[in-house]
Amino acid sequence: MADIPPWIEAEPVYNEMRDKIDGLADTPAHPLAGPAVTGAKRVKLSALFDVIYGHNLELNALVRSREGVNFVSRTALNNGVSARVEPIDGLEPTEAGVLTVAGGGSVLETFLQTEPFYSGRDLYYLRPKVEMTIEQKLFLCMCIRENKFRYNYGRQANKTLRDILIPDISEIPHWVGDAYAGVLANWSKRLSAAEGIYA
């Protein structure tokens with residue numbers, strides 16, 4: 001026990017860790033899977049989104065630029081953005097506000113793109129067919145990712161992506177919008193507290 005730093009037993013840290021662990025113990029394996037959270041109505045992905053294959057560009061053939069356009073690939077990191085590249089004459093970037101989904105590589109890694117972008121191979125983008133808030137799009141990103149288990153052992157989602165079942169827009173819980181505001185408020189408090197400590 002001598003190797004445990006003394007701050008780990010400090011009351012605020014200990015209480016926060018205990019609360020998080022207790023909360024995890026009561027969490028079902030797939031908290032979004034049940035109708036108690038998202039209702040019973042499921043629809044195919046293609047009912048809510050136009051499923052469109054991306055640009056299919058190779059990053060090594062492009063010119064990197066810090067001030068360039070986002071290049072989204074099949075990575076699970078950095079919101080899918082693996083680089084910034086110079087604009088390509090005659091090729092418009094995909095618009096912001098769509099979801100990107102990896103059909104291969106890190107299969108079903110799904111992100112909301114907040115800036116225009118170019119894309120690599122086996123990357124799809126989802127353009128909503130109905131009006132959606134940012135919070136609803138982020139929630140649906142999570143629901144799409146919940147299907148990753150279907151694509152283990154090297155299977156890709158290229159042929160079946162359109163048919164993945166997700167909650168209908170009418171089944172997205174009302175608290176989804178409130179949760180985003182709550183997270184922002186919580187982090188704002190933490191940042192303010194941290195500024196006071198380090199000021």
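Shown above is the structure to which this text applies.
Residues numbered from 1 in each chain as written. Predicted model: local features only at pLDDT ≥ 70, side-chain atom pairs only at ≥ 80, totals over all residues. Heavy atoms only, no water.

### A closer look at helix 4 (residues 134-145)
Condition: In DSSP terms, a helix is any run of H or I states spanning at least four residues, a strand is any run of E spanning at least two, and both are numbered starting from the N terminus. The span you would expect from a helix comes to 1.5 Å times its residue count less one. Only protein chains enter the calculation, and the probe is 1.4 Å; a residue is then buried if its accessible area is under 20% of its type maximum, exposed if over 50%, and partly exposed in between.
Here helix 4 is 12 residues long and its end C-alpha atoms lie 17 Å apart, about the 16 Å a rise of 1.5 Å per residue gives. Glu-135, Lys-137, Phe-139, Leu-140, Cys-141, Cys-143 and Ile-144 are the residues of helix 4 that are buried.

### Re the packing of aromatic side chains
The condition that has to hold: Aromatic contacts are taken between Phe, Tyr and Trp rings whose centres are within 6.5 Å, Trp giving its six-membered ring; a plane angle under 30 degrees counts as stacked, one over 60 as edge-to-face, and the others as tilted. Only when the NZ atom of a Lys or the CZ atom of an Arg is both within 6 Å of the ring centre and within 35 degrees of the ring normal do we say a charge sits over the ring.
If you walk through the whole model with that rule in mind, you get 3 aromatic pairs. Taken together, a centroid distance of 5.1 Å and an interplanar angle of 80 degrees make the contact between Tyr-53 and Tyr-124 edge-to-face. Of the two residues, Tyr-53 is situated in strand 2 (residues 49-53) and Tyr-124 in strand 8 (residues 123-128); the sequence distance between them amounts to 71 residues. Considering the side-chain rings of Phe-117 and Tyr-125, the 6.4 Å spacing of their centres and the 85 degrees angle between planes classify their relative orientation as edge-to-face. Its relative accessible area of 0% is what places Phe-117 among the buried residues. A residue is classified by how much of its surface remains accessible, and Tyr-125, at 12% relative accessible area, is buried. Positioned over the ring face of Phe-111 is Arg-145, at 5.2 Å from the centre of the ring.

### Let's talk about unusual backbone geometry
Phi is positive for Asn-78, close to 55 degrees, though the residue is something other than glycine. On the accessibility criterion, Asn-78 (58% relative accessible area) is exposed. Even without glycine at this site, Leu-108 takes up a positive phi of about 65 degrees. Relative accessible area serves as the criterion here: at 0%, Leu-108 is assigned to the buried category.

### Brief notes about the environment of Gln-156
Its place among the elements puts Gln-156 in the loop between helix 4 and strand 9 (165-167). Judged by its relative accessible area of 37%, Gln-156 is partly exposed.

### A look at the pattern of salt bridges
Short version of the rule: When a carboxyl oxygen of Asp or Glu is within 4 Å of a side-chain nitrogen of Lys or Arg, the pair counts as a salt bridge.
The final tally for this structure, using the stated rule, is 9 salt bridges. The residue Asp-168 makes a salt bridge to Lys-41 at a minimum N-O spacing of 3.8 Å. Separated by 127 residues along the polypeptide, Asp-168 in the loop between strand 9 and helix 5 (175-198) and Lys-41 in the loop between helix 2 (35-38) and strand 1 (42-44) bring together distant segments of the chain. On the basis of relative accessibility, which here comes to 10%, the residue Asp-168 falls in the buried class. Between Arg-74 and Asp-122 there is a salt bridge, and its shortest N-O distance comes to 3.3 Å. You can see Arg-74 sitting in the loop between strand 3 (64-72) and strand 4 (81-85) and its partner Asp-122 sitting in the loop between strand 7 (117-119) and strand 8, a full 48 residues away along the chain.

### Digging into the nonpolar core
Quick reminder of the rule: Residues grouped as a nonpolar core are buried Ala, Val, Leu, Ile, Met, Phe, Trp, Tyr and Cys residues, joined through side-chain atoms within 4.5 Å. Pairs of residues are marked as contacts when any of their non-hydrogen atoms sit within 4.5 Å.
Ranked by internal contacts, the top residues of the largest apolar core, which has 25 residues, are Leu-45, Phe-49, Leu-108, Leu-126, Leu-161 and Ile-166. It is helix 4 that provides the largest number of residues to this core, a total of 5 residues. With residues near it in sequence (within four places) discarded, Leu-45 still touches Val-51, Leu-126, Ile-144, Leu-161, Arg-162, Ile-164 and Ile-166. Residues Leu-59, Leu-62, Val-69 and Ala-83 belong to the second largest nonpolar core, which totals 8 residues.

### Side note on the sheet that holds strand 4
For clarity, the threshold we go by: Two strands qualify as a pair provided DSSP detects at least 2 bridges between them. Note on geometry: axes are lines fitted to C-alpha atoms, helical ones only across the stretch in contact, with angles between N-to-C directions running from 0 to 180 degrees.
Strand order in the open sheet made by the 3 strands is 4-3-7, with mixed pairing throughout. The open sheet has two free edges, formed respectively by strand 4 and strand 7, since each of these has just one partner strand. Neighbour-to-neighbour, the strand axes of the sheet open up by a mean angle of 50 degrees, direction not taken into account.

### Some remarks on the side chain of Thr-94
Mapped onto the elements, Thr-94 comes out in the loop between strand 4 and strand 5 (99-102). You can call Thr-94 buried: its relative accessible area is 4%. The contacts of Thr-94, once residues within four sequence positions are left out, are His-55, Pro-116, Phe-117 and Tyr-125.

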